[in-house]
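# Survey of secondary and tertiary structure
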Amino acid sequence: MTVFELVCTILLAAIPAATSLLYVALGELIYERSGVLNLGLEGTMLVGAVTAVYGQTVSSSPVFAVLLAAAAAAGAGVLHAILCVWLRTNQVVTGLAFVVLLTGATAFWGQSLVGQRVDVDLRISQTFPGGFSAIAGTPFDQDLLTYLAVVLTIVSWWWLFRSVSGAKLRAAGDSADVARALGINIRITRVVAGAIGGALAGAGGAHLSLVYASQWQENMTAGRGWIALVLVIFARWHPGALLPSAYVFGALGILQLNLQAFGVESSSYLISMVPFALAIAVLSATSAVIRNRPSSMPADLGVPISWHVTAAPRVRHPVMTLET
Amino acid sequence: MTTNPEARRCRMILLAAVVAAAVLACGGAPEAATPAATAAKPTAAAVVAKPKPLQVALLTNGPITDSGFNQAHADAMKQVEQKFGDRVAVRVIGSVPETGDAERIMQRLIDNKVDLIIAASFGYQDTSVKLAATNGKVKFLQAWGFKPAPNLGTYSSQMYEAWYVQGIIAGRMTKSNRLGIVAAHPIPPMKWQINAFVRGARSVNPNVRARVAYINHWFDPGLAAAAADALISQRCDVITGVLDNSVAVAQTAQKRKTYLIGHNTDLSKFAPDVTLSGTQWVWGQLYIDAIDRIGQNAWNSQQDLHGGFGKGYVAVTGFGPMVPASVRKEAETAIARFADGSLSVYTGPIRDNKGKTVVAAGKTLTHGEIMGIDWLVEGVR
């Protein structure tokens, strides 16, 4: 096998490895842009994963399974949003509680699904054998959910930065007070963002269980939700940066497996460490380079909105403190 | 900060509810296994004043529904219940991390008057040793352990015998002479299984080479599938998973029409078209042997709970229709020879994959030495 073939093999494998990360991170990015931090991604993903396998077993339709997964996970997202936005629970604690709660709950609900065979092949060379059979075996022969993830990321990019509703969503995350003054209903905005974030995390879970691992097992996300959380920060809350970041992480995650299979002698532990070392390096480098520019983190991320809609804006900015 | 006391109270209550629900879900699910399964069945024997049942608790470090290593242990406890009925009360606790949690859970079991703790993962050893030293009345069984104490016995099964048999099948069935192995970690418990598989294969086909891909996780179906995929892409035409859970490997084999050797439990339902055969743990027999001794007050920690085909602690899962009769015969002969002791996996001369002789001609490694193997046999990349 030539090096070119090896590169093709790695690309072919890296792209689906990144898909679930991309979905979950995109959902979290949108939700965080509206100002709410959801640490419960691992749990939301599991909801998607278990529901997808359930949907597939009852209907044998992958489309239905993915939609059901997205709907169920959107429910979890809305619940998170209601807790954090209306009831103003602590977002960190709520998110962590969601991880524990949903890990246990999905393990419980999914007991009968463990050991179910999942026969789903969504690769486009299989789904549309007429038109795409020529690309079988090339890096372009990916499953439909993978292509959809790329499309959704680009659409979100446009939506967040080029549309009015996207601007309103970002305003809710950057300054709830200003957004409110502009007449934006912050609670509705954040709950809708929570639903979108949940649905995307569910689709990521569905990809993992239906397409990637082809099974349901309790706690099968094995930390992918946490990596997605890192990815959002890594991409500095921007879908355009998220797309390549997710593929870099996906590729690094499976690189060591392919090198081992190719016969390269190396420490698999060392290569497994690379994505995280890289994350720290890039975070340090970017923060050093753009120290003087405003952070791209939504300014009101994690800050619960004030209970009284009529309350005066909170005095937080140093400039404003000086004026008073 | 705005302070609306009512809102704050409401928030606190809700948060408390979520946390409580989380704790319930977390504590409830894995432990839900079988405490009530032995609930009073009024049999004739039960009417007679009986000593209270032997309380047995089993800890595994992964989910007990994994169709893999952990489920094999949980299934074994069902065999124990069937065998002893209401003379035992069994608890199975899955997904216990090998950290401080293991000690906390074992301590709670001890407080609840458990008689026998079965620690079914090597990583519990230090915890078991520590608690056994301070709780003389509680008996411990430590999987793969090597630090016995008066109330702490060790057990393990000679899975390498089953792997050797699978190697014979794989060595006969491969066309590319390249076997692919997905393994969890590059540590001895994986290596003595990999070596046995490859030695079996090379005993019938000296041209066989094997490639190993370690995923560096005990449990990650996604990575296991990716690793199997990578090996198949490198022209491995028989693949297997030396993992706690090989279901993902089986599904990938099925998808890519590549022969599979199963592991842990019967995986042919996940890969019906490509499963050649597979290894199987039979912990039930081992636990029954141990509990039987305890019931007769004849237990001591030196009881030999190490065995393979001879004692019935390992098995193979049957043969796929593509395996020709001559190969089945060869495999069955090997099983019979393991059972009567005329065949052994680790008898020299054995060279490692760097060409060094690691077992001299005529020498046979002891079970303890095999458990500590840190080299890979020749033929493994």
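Residues numbered from 1 in each chain as written. Chains lettered and ligands numbered in written order. Predicted model: local features only at pLDDT ≥ 70, side-chain atom pairs only at ≥ 80, totals over all residues.

### Considering the overall build of chain A
If you tally the helices and strands in chain A, you get 14 helices and 0 strands. Moving toward the C terminus, one meets the helices and strands of chain A in the order α-α-α-α-α-α-α-α-α-α-α-α-α-α. Over its C-alpha atoms chain A spans a radius of gyration of 21 Å, differing by no more than 12% from the 20 Å that the globule rule assigns to 324 residues. Long-range pairs, those at least 24 residues apart, make up 78% of the contacts in chain A with a sequence separation of at least 6. (Helix = DSSP H or I, 4+ residues; strand = E, 2+ residues; numbered from the N terminus. Rg over C-alpha atoms; globule rule 2.2 N^0.38 Å. Contact = placed C-beta atoms within 7 Å.)

### As for the overall build of chain B
Within chain B one finds 12 helices and 14 strands. In chain B, which comprises 381 residues, the proportion classed as buried is 50%. (Buried ≥ 20, exposed ≤ 12 C-beta atoms within 10 Å, placed from the backbone.)

### As for the sheet that holds strand S12 (residues 314-316) of chain B
All names here are of chain B. Pairing within the open sheet is mixed, and its 6 strands lie in the order S7-S6-S8-S9-S10-S12. Of all the strands in the sheet, just strand S7 (209-214) and S12 have a single pairing partner and so form its edges. Between one strand and the next, the sheet's axes are offset by a mean angle of 20 degrees, whatever the strand orientation. Bridging between strand S6 (residues 178-183) and S7 involves 6 bridges; their strand directions are parallel. The partner of arginine 178 across the bridge, within S7, is arginine 209. Relative to the sheet, helix H6 (residues 159-173) contacts S6, strand S8 (238-242), strand S9 (259-262), strand S10 (275-281) and S12, its axis offset from that of S10 by approximately 175 degrees. Seen against the sheet, helix H8 (residues 221-233) touches S6, S7 and S8 and runs at an angle of roughly 165 degrees to S6. (Pairing = 2+ DSSP bridges. Axes fitted to C-alpha atoms, helices over the stretch in contact; angles between N-to-C directions.)

### Side note on the packing of helix H1 (residues 3-33) of chain A against helix H11 (residues 224-234) of chain A
Think of two packed helices as two axes; the pair is described by the angle between the axes and how far apart they sit. All names here are of chain A. Relative to each other, H1 and H11 sit at 55 degrees, their axes nearing to 8 Å. Looking at the two axes, H1 sits oblique to H11. Helix-helix and strand crossings are classified by hand; for H1 and H11 the assignment is right-handed. On H11, the residues touching Ser20, Leu21, Val24, Ala25, Glu28, Leu29 and Glu32 of H1 are Arg224, Gly225, Ile227, Ala228, Leu229, Leu231 and Val232. (Parallel < 35°, antiparallel > 145°, perpendicular 65-115°, else oblique. Left-handed = near helix turned anticlockwise from the far one by under 90°.)

### Re unusual backbone geometry
Residues and elements named next belong to chain B. That bond from glycine 348 to proline 349 is cis: its omega, 5 degrees, falls within 30 degrees of zero. Relative to the helices and strands, proline 349 is located in the loop between helix H11 (325-339) and strand S13 (350-351). Even without a glycine there, the phi angle at tryptophan 144 is positive, about 60 degrees. Checked against the element boundaries, tryptophan 144 lands in the loop between strand S4 (139-143) and strand S5 (152-157). Phi angles above zero are rare outside glycine, and asparagine 297 is one such case at about 55 degrees. Secondary-structure assignment places asparagine 297 in the loop between helix H10 (283-295) and strand S11 (305-307).

### So, H6 of chain B
Compared with an ideal rise of 1.5 Å per residue, which puts 15 residues at 21 Å, H6 of chain B spans 21 Å between its outermost C-alpha atoms and is within 8% of the ideal. Burial analysis of H6 of chain B places 15 of its 15 residues in the buried class, which makes it a mostly covered element. (Expected span 1.5 Å × (residues − 1).)

### Considering the packing of helix H12 (residues 239-262) of chain A against helix H13 (residues 268-289) of chain A
All names here are of chain A. Interhelical geometry of H12 versus H13 gives an angle of 170 degrees and a closest axis separation of 9 Å. In terms of axis orientation, H12 runs roughly antiparallel to H13. Together, Phe249, Leu252, Gly253, Leu255, Gln256, Leu259 and Gln260 of H12 and Ser268, Ile271, Ser272, Val274, Pro275 and Leu278 of H13 make up the contact between the two elements. Among the residues making up the contact of H12 with H13, the classes are represented as 8 nonpolar, 5 polar and no charged. (Nonpolar A, V, L, I, M, F, W, Y, C, P; charged D, E, K, R; others polar.)

### Brief notes about the environment of isoleucine 187 of chain B
Note that isoleucine 187 of chain B resides in the loop between S6 and helix H7 (188-204). A count of 13 C-beta atoms within 10 Å places isoleucine 187 of chain B in the partly exposed class.

### Quick look at the environment of threonine 154 of chain B
Residue and element names in this part refer to chain B. With respect to the secondary-structure elements, threonine 154 resides in strand S5. You can call threonine 154 buried: it has 25 C-beta atoms within 10 Å. The contacts of threonine 154, once residues within four sequence positions are left out, are Gln142, Gly145, Phe146 and Pro148.

### Concerning the pairing of strand S2 (residues 88-93) of chain B
Residue and element names in this part refer to chain B. Buried residues dominate S2, accounting for 5 of its 6 residues. Judged from the 6 bridges that link them, strand S1 (residues 54-59) and S2 form a sheet pairing that is parallel. Residue pairing in the sheet places leucine 58 in a bridge with valine 92 of S2. Assessed by its sense of winding, the connection that carries the chain from S1 through helix H3 (residues 69-84) to S2 is right-handed. (Right-handed = clockwise from strand over helix to strand, strands pointing away.)

### Focus: the sheet that holds S5 of chain B
Residues and elements named next belong to chain B. Spatially, 6 strands are ordered S2-S1-S3-S4-S5-S11 in an open sheet, and the strand pairing comes out parallel. Each of the sheet's edge strands pairs with one partner strand only, and the pair in question is S2 and S11. On average, each strand axis in the sheet is inclined to that of its neighbour by 20 degrees, with strand direction left out of account. With 4 bridges joining them, S1 and strand S3 (residues 116-119) adopt parallel strand pairing. When the sheet's bridge partners are listed, leucine 59 is paired in S3 with alanine 119. Sheet strands in contact with helix H4 (residues 100-111) are S1, S2 and S3, and its direction is about 170 degrees off that of S1. This element, helix H5 (residues 125-134), spans S3, S4 and S5 of the sheet and lies at about 165 degrees to S4.

### Notes on the confidence of the model for chain A
Of the residues in chain A, 92% reach a pLDDT of 70 or more, and the chain-wide mean stands at 86. Predicted confidence for residues 318-324 of chain A stays below pLDDT 50, and this span has 3 contacts to residues more than four positions away or in other chains. (pLDDT = per-residue confidence, 0-100.)

### What about helix H9 (residues 247-255) of chain B?
Residue and element names in this part refer to chain B. Across the 9 residues of H9, 8 count as buried, placing the element largely inside the fold. Every buried residue of H9 is accounted for by Val247, Ala248, Val249, Ala250, Gln251, Thr252, Ala253 and Gln254. Buried residues belonging to H9 abut S6, H8, S8 and S9. Lysine 257 lies just past H9 and shows a positive phi near 55 degrees.

### Quick look at the environment of glutamine 193 of chain B
Residue and element names in this part refer to chain B. By the secondary structure assignment, glutamine 193 is in helix H7. C-alpha of glutamine 193 to C-alpha of phenylalanine 270: the two residues are 77 residues apart in sequence and 22 Å apart in space. Residues within four places of glutamine 193 in sequence aside, it is in contact with Met159, Tyr160, Trp163 and Val242.

### Describing the confidence of the model for chain B
All names here are of chain B. For chain B, per-residue confidence averages 87 on the pLDDT scale, and residues scoring 70 or more make up 87% of the total. Predicted confidence in chain B is weakest over helix H2 (residues 44-47), with a mean pLDDT of 47, and strongest over H6, with 97. Note on residues 22-46: pLDDT is under 50 here. Beyond four places in sequence and across chains, it has 38 contacts. Model confidence for the complex is summarised by a pTM of 0.81, with the ipTM given as 0.81.

### So, the pairing of S5 of chain B
Among the 6 residues of S5 of chain B, 6 are classified as buried, and the element is accordingly described as predominantly covered. Of the two faces of S5 of chain B, the one holding Leu152, Thr154 and Ser156 of chain B and the one holding Gly153, Tyr155 and Ser157 of chain B are both buried throughout.

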